[in-house]
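Here is what each chain is made of, one letter per residue.
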Amino acid sequence: MSQTVFAPWDDPNEKPLIRFQNVTKRFGDFVAIDDLTLDIFAQEFFALLGPSGCGKTTMMRMLAGFETVTEGRIELAGKDIGPVPPNERAVNMMFQSYALFPHLSVWENIAFGLKRDRKSKAEIDARVDEMLKLVRLEKFARRKPHQISGGQRQRVALARSLAKAPKLLLLDEPLGALDKKLRQDTQFELMDIQETTGTTFVIVTHDQEEAMTVASRVAVMDEGRIIQVATPAAIYEYPNSVYVADFIGDVNIIQGIATPSGDESYALNWAEGQPPITATSQTKFAEGQKAHLAIRPEKISISSEKPEGAVNLLQGKVLDIAYLGNLSTYHVALPGGQVIKAQTANTRRIARRNITWEDPVWISWTATAGVMLEQ
Amino acid sequence: MRRAALILVPYVWLLVLFLAPFLIVLKISLSDAALAIPPYAPTLKDGIAALIRELDFENFVFLTEDDLYWKAYLSSLRIALISTVLTLMVGYPIAYGMAKAPDEWRATLMMLVILPFWTSFLIRVYAWMGILSNEGLLNQLLTWLGLISEPLIILNTTTAVYIGIVYTYLPFMILPIYAALDRLDASLDEAAQDLGCTRTQAFWLVTIPLSRNGIVAGSFLVFIPALGEFVIPSLLGGSGTLMIGKVLWEEFFNNRDWPVASAVAVILLLILVVPIVLFQRNQQKQQEAEQ
């Protein structure tokens, strides 16, 4: 049996679970969401990524029902949810502060939503036990929120928001309060839980690593607009703008003037007295058009001897070395003063490496290593 | 040594300002009324031995014989209890509104709550006499509006006492409730709605239980002074309102029966010990919960 790739966004017959149609949200004069259109599909793990104030939290709060839409409409499973109050939406939210009820025990917190649905006691008991098991907190059912750790509280909040089996779960910076190590473990746990429950997750985060790890698709936002929506790999490898390339991971941006030099191949004149850079691009650039070449540091090789047959080759001097343990990032200053970052994996022990500060080095990359961007 | 001195300060304070006066009052309550200055016997001038021999519980027995006193105690308890509930009903919405108000308004609103303290309590009670009397502002306004043809008789009734107590002690109710509500994370209310509560349900299931400590603290701060209240019932309540504070005052100044007045005061204090202890326990529990 062949494994089908989960990509409902590529199937034109697939109906989205959530549909933003030309949604605009204004607070007074301030435009928080600007004419935004977006489809999110069932069982997706969708990440809204952007700097603070980009409108990602507003989008989430509109889905939960805490903010109204100024213009446009939001559909959930084909129905306009504009007039539906928060308590009647099949949407649950996990709050950034967790918002656990301090006067109720872990068990009562998880049962809170179920009790509102007037379910029978047996049903509530069974569902709460199931949720406690899912987040591995069976032993803590009788504790109050202030008697458990931050990581446990996070899991209670998750269990509480999942208890009513919502069509859509919203997670507002769910891992923001956890320390780095715990955050990484929890990311995988979140993905497992998302898979087991089959719930659609929409996560808001400003942490690009987190978005890349957990999400099936990432929407990069800025100033109330979506700049790009794509899978994490596509966002990283094929950003559609300098903003996205710069926001996700580390990147070198080289500005220049493009000259077509063959089929989908361009020469980029980027500095006086330097040879033009050869790069390929599927987007067309006209003769003399301004272009930005975005190239990731790990795609640039660095060596102390001149490599043979490299397409793009530049000489420079090592300015700085950022030693990250598994990786080292070299900041190489070119004769014109530009600084290019090159990254290598530290596969050898430190004593065997031969490049150090002030060393003259060669940096090189292939024609397909970078992405040419208009803006 | 320094620690002992530090602990000593509050105890000396209590001894001088609370325990010593209480013992004096207790001693007077065990004495007999006399036509003398001071108007009771025995005094220290009679010598310690005679003093101890002459003291008895006669006045306390007298309090049980005349039904005026226990009726006054019960009536005070009832008035204090009802006024506390009324103050809570008026104060909670105000505190809630303050906690929900935009940040830039809060300092002003807080100021407005505290502002009445800037004038004398007595003057404010007299002002209420002007408002509530038969020819007062309220009746004039209602007549002018055509809502009533005969003036409402409010002054010198229990209603006026309730109005006076609610008005006077309102800030004591508002401030602790506001403090409790202000600390509440707004997302708790949203979480309740998100999980299926209507706004009303969210209020009763989340906001009220989480402001419980403020409600309890505010209620005690109103109930305790209202129980022994004397100025408000004597100025606004007229002769029909029976409150122990007023009885005490009359016993002391009109009858010049210091020993009976003191006995009334001692019993009042014993009654007040119960809510004060409960209040202290609530405060302590609250502090423990915050740690």
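Residues numbered from 1 in each chain as written. Chains lettered and ligands numbered in written order. Predicted model: local features only at pLDDT ≥ 70, side-chain atom pairs only at ≥ 80, totals over all residues.

1. Focus on the pairing of strand 4 (residues 71–76) of chain A
Successive side chains on a regular strand alternate, one facing one side of the sheet and the next facing the other.
Residue and element names in this part refer to chain A.
Working step 1: With five bridges connecting them, strand 1 (residues 18–27) and strand 4 associate as antiparallel partners. Its bridge partner lying in strand 4, Arg 19 is registered against Glu 75.
Working step 2: Note that strand 4 and strand 5 (residues 79–80) share two bridges and pair antiparallel. Within strand 5, the residue paired with Leu 76 across the bridge is Lys 79.
Working step 3: Between the antiparallel neighbours strand 4 and strand 5 lie two residues, among them Ala 77 with a positive phi of about 50 degrees. (Pairing = 2+ DSSP bridges. Helix = DSSP H or I, 4+ residues; strand = E, 2+ residues; numbered from the N terminus.)

2. A word on the confidence of the model for chain B
Working step 1: Per-residue pLDDT for chain B has a mean of 90; in total, 99% of the residues score no lower than 70.
Working step 2: The ipTM for the predicted assembly is 0.83, set against a pTM of 0.82. (pLDDT = per-residue confidence, 0-100.)

3. What to know about the interface of chain B and chain A
Working step 1: Each partner contributes residues to the interface: chain B has 14 residues there, and chain A has 16 residues.
Working step 2: Where the side of chain B that touches chain A is concerned, the elements lending two or more residues are helix 9 (186–194) and helix 10 (199–210) of chain B.
Working step 3: Here the side of chain B that touches chain A is built from residues that sort into seven nonpolar, four polar and three charged. (Contact = placed C-beta atoms within 7 Å. Nonpolar A, V, L, I, M, F, W, Y, C, P; charged D, E, K, R; others polar.)

4. Remarks on the sheet that holds strand 14 (residues 290–295) of chain A
Residue and element names in this part refer to chain A.
Working step 1: Here we have five strands laid out as an open sheet, ordered 13-12-11-14-20, and antiparallel in their pairing. Across the chains shown, the open sheet's two edge strands, defined by having one partner strand only, are strand 13 (277–280) and strand 20 (371–373). Neighbouring strand axes in the sheet, compared pairwise and without regard to direction, differ in orientation by 45 degrees on average.
Working step 2: Direction of pairing for strand 12 (residues 265–269) relative to strand 13: antiparallel, over a ladder of four bridges. (Axes fitted to C-alpha atoms, helices over the stretch in contact; angles between N-to-C directions.)

5. Regarding the nonpolar core
Working step 1: In terms of nonpolar packing, the biggest core is built from 101 residues, with Ala 47, Leu 63, Ile 110, Ala 159, Leu 170 and Val 202 of chain A touching the most fellow members.
Working step 2: One finds Tyr 73, Ile 174, Leu 175 and Trp 258 of chain B within the second-largest nonpolar core, a separate group that totals 48 residues. (Core = buried A, V, L, I, M, F, W, Y, C linked by C-beta atoms within 7 Å. Buried ≥ 20, exposed ≤ 12 C-beta atoms within 10 Å, placed from the backbone.)

6. What to know about the sheet that holds strand 4 of chain A
Working step 1: The strand order across the open sheet formed by four strands is 2-1-4-5 (chain A), and the pairing between neighbours is antiparallel. Two strands bound the open sheet, and with one partner strand each, they are strand 2 (30–40) and strand 5 of chain A.

7. Observations regarding helix 9 of chain B
Working step 1: Every buried residue of helix 9 of chain B is accounted for by Leu 188, Glu 190, Ala 191, Ala 192, Gln 193 and Asp 194 of chain B.
Working step 2: Looking at the buried residues of helix 9 of chain B, the elements they touch are helix 1 (56–64) and strand 6 (91–94) of chain A together with helix 10 of chain B.

8. Brief notes about the domain arrangement of chain B
Bring the parts together and some accessible area is lost; that lost area is often taken as the interface size.
Residue and element names in this part refer to chain B.
Working step 1: Along its sequence, chain B is carved into domain 1 (1–65 + 260–291) and domain 2 (67–256).
Working step 2: Here the C-alpha centroids of domain 1 and domain 2 sit 29 Å apart.
Working step 3: Taken together, the contact pairs 16 residues of domain 1 with 16 residues of domain 2.
Working step 4: It is helix 14 (residues 258–290) that contributes the most residues to the side of domain 1 that touches domain 2, 14 residues altogether. (Domains from an automatic or database assignment.)

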